[in-house]
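# Chain and residue survey
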Amino acid sequence: MPKDKAVITSIAVVGAIGLMGIASLSWATAAHNNSNSNNDNSNNGSNARNSNADTSNNEANDALIRKLSQDEVNTQKLATVQKMYELSRQLETGSATLLSQFANDELKDALALEQQVMEQEGLMCGIGADIIWQSQDPDYHEPVTFTLNDEGEVVVALSDRDELRYQLSCQVLSSSAGEQSEQDLHCQIKDIIDFAGSVKQSLIENCQ
């Protein structure tokens, strides 16, 4: 073969190889981009499913609450507050300990503001007394009566001095024991109304 034709043939082969390499690179890049796009779509789908699952759980819990009679819900509210005062008598301790167990997260956060101001500034921004006993020196064994009003609040009368109204939120909790599944109604204190109004609101306004 003449020398000049051999050179032309070599150049053609090299060019073909180069085009194949570019085509392979383009294909790999496209595949990578498609993979990332699929991952993004998968993550978005997963987030949407999690959000839908939370909404579904809340709706299911609301449906279970609706199946219960109002008497059942009110009975559990009353039992929750009574149990708190019973523990207070047994342990001779007040709201600082017991509300951390019986309050919901929003009320706990408001109570934490009061404690934070006390620790950091040495100032008192709350009512300056035990909340559930309305006293700086509680008598844990004083007579207490419990009733329910028409709004579903638990009314606690402390001797002949003060009256507190407890607002509670309730939800159905499921627990499994072997092959059986049990559903328990669980109530938490979301606010306490004393002579000055909402304890939670007062703490939020005065302790921030």
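Scoring rules and cut-offs
Residues numbered from 1 in each chain as written. Predicted model: local features only at pLDDT ≥ 70, side-chain atom pairs only at ≥ 80, totals over all residues. Heavy atoms only, no water. Disulfide = S-S within 2.5 Å. Helix = DSSP H or I, 4+ residues; strand = E, 2+ residues; numbered from the N terminus. Buried < 20%, exposed > 50% of the residue type's maximum accessible area, 1.4 Å probe, protein only. Pairing = 2+ DSSP bridges. Salt bridge = Lys/Arg side-chain N within 4 Å of Asp/Glu carboxyl O.

### What about the state of the cysteines?
- Under the counting rule described, the total for this entry stands at two disulfides.
- Disulfide partner of cysteine 125: cysteine 207, at an S-S distance of 2.0 Å. A torsion of 105° about the S-S bond marks the disulfide between cysteine 125 and cysteine 207 as right-handed. Residue cysteine 125 is found in the loop between helix H4 (105-121) and strand E1 (144-148), and its partner cysteine 207 is found in the segment after helix H5 (199-206); the two are separated by 82 residues along the sequence.
- Shown here is the disulfide that connects cysteine 170 with cysteine 187, its sulfur atoms set 2.0 Å apart. Because the sign of the S-S torsion sets the handedness, a value of about 105° for the bond joining cysteine 170 and cysteine 187 places this disulfide among the right-handed ones. Highlighted residues: cysteine 170 in strand E3 (residues 162-177) and cysteine 187 in strand E4 (residues 180-194), separated in sequence by 17 residues.
- Relative accessible area serves as the criterion here: at 4%, cysteine 187 is assigned to the buried category.
- What connects to what in the protein chain, once the bonded cysteines are numbered by sequence position, is 1-4, 2-3.

### Brief notes about the pairing of strand E2 (residues 154-158)
- Most of E2 sits out of view: five of its five residues are buried.
- Alternating residues of E2 divide into Val154, Val156 and Leu158 and Val155 and Ala157, and every residue in both groups is buried.
- Pairing analysis gives five bridges linking E1 to E2, with the strands arranged antiparallel. Bridging from a neighbouring strand, leucine 148 pairs with valine 154 of E2.

### Re the pattern of salt bridges
- Tallied over the full model, the rule gives two salt bridges.
- Between lysine 200 and glutamate 106 there is a salt bridge; the shortest N-O distance is 3.4 Å. Here glutamate 106 lies in helix H4 and lysine 200 lies in helix H5, a separation of 94 residues in the sequence.
- For the salt bridge of arginine 165 with glutamate 153, the shortest nitrogen-to-oxygen distance reads 2.8 Å. Note that arginine 165 is positioned in strand E3 and glutamate 153 in the loop between E1 and E2, a separation of twelve residues in sequence.
- For arginine 165, a relative accessible area of 32% gives the class partly exposed.

### Let's talk about unusual backbone geometry
- Positioned with a positive phi, glutamate 92 is a non-glycine residue whose angle comes to about 50°.
- Within the element layout of this structure, glutamate 92 appears in the loop between helix H2 (70-91) and helix H3 (95-102).
- Phi is positive for glutamine 134, which is not a glycine, with a value near 55°.
- Tracing the sequence through the fold places glutamine 134 in the loop between H4 and E1.

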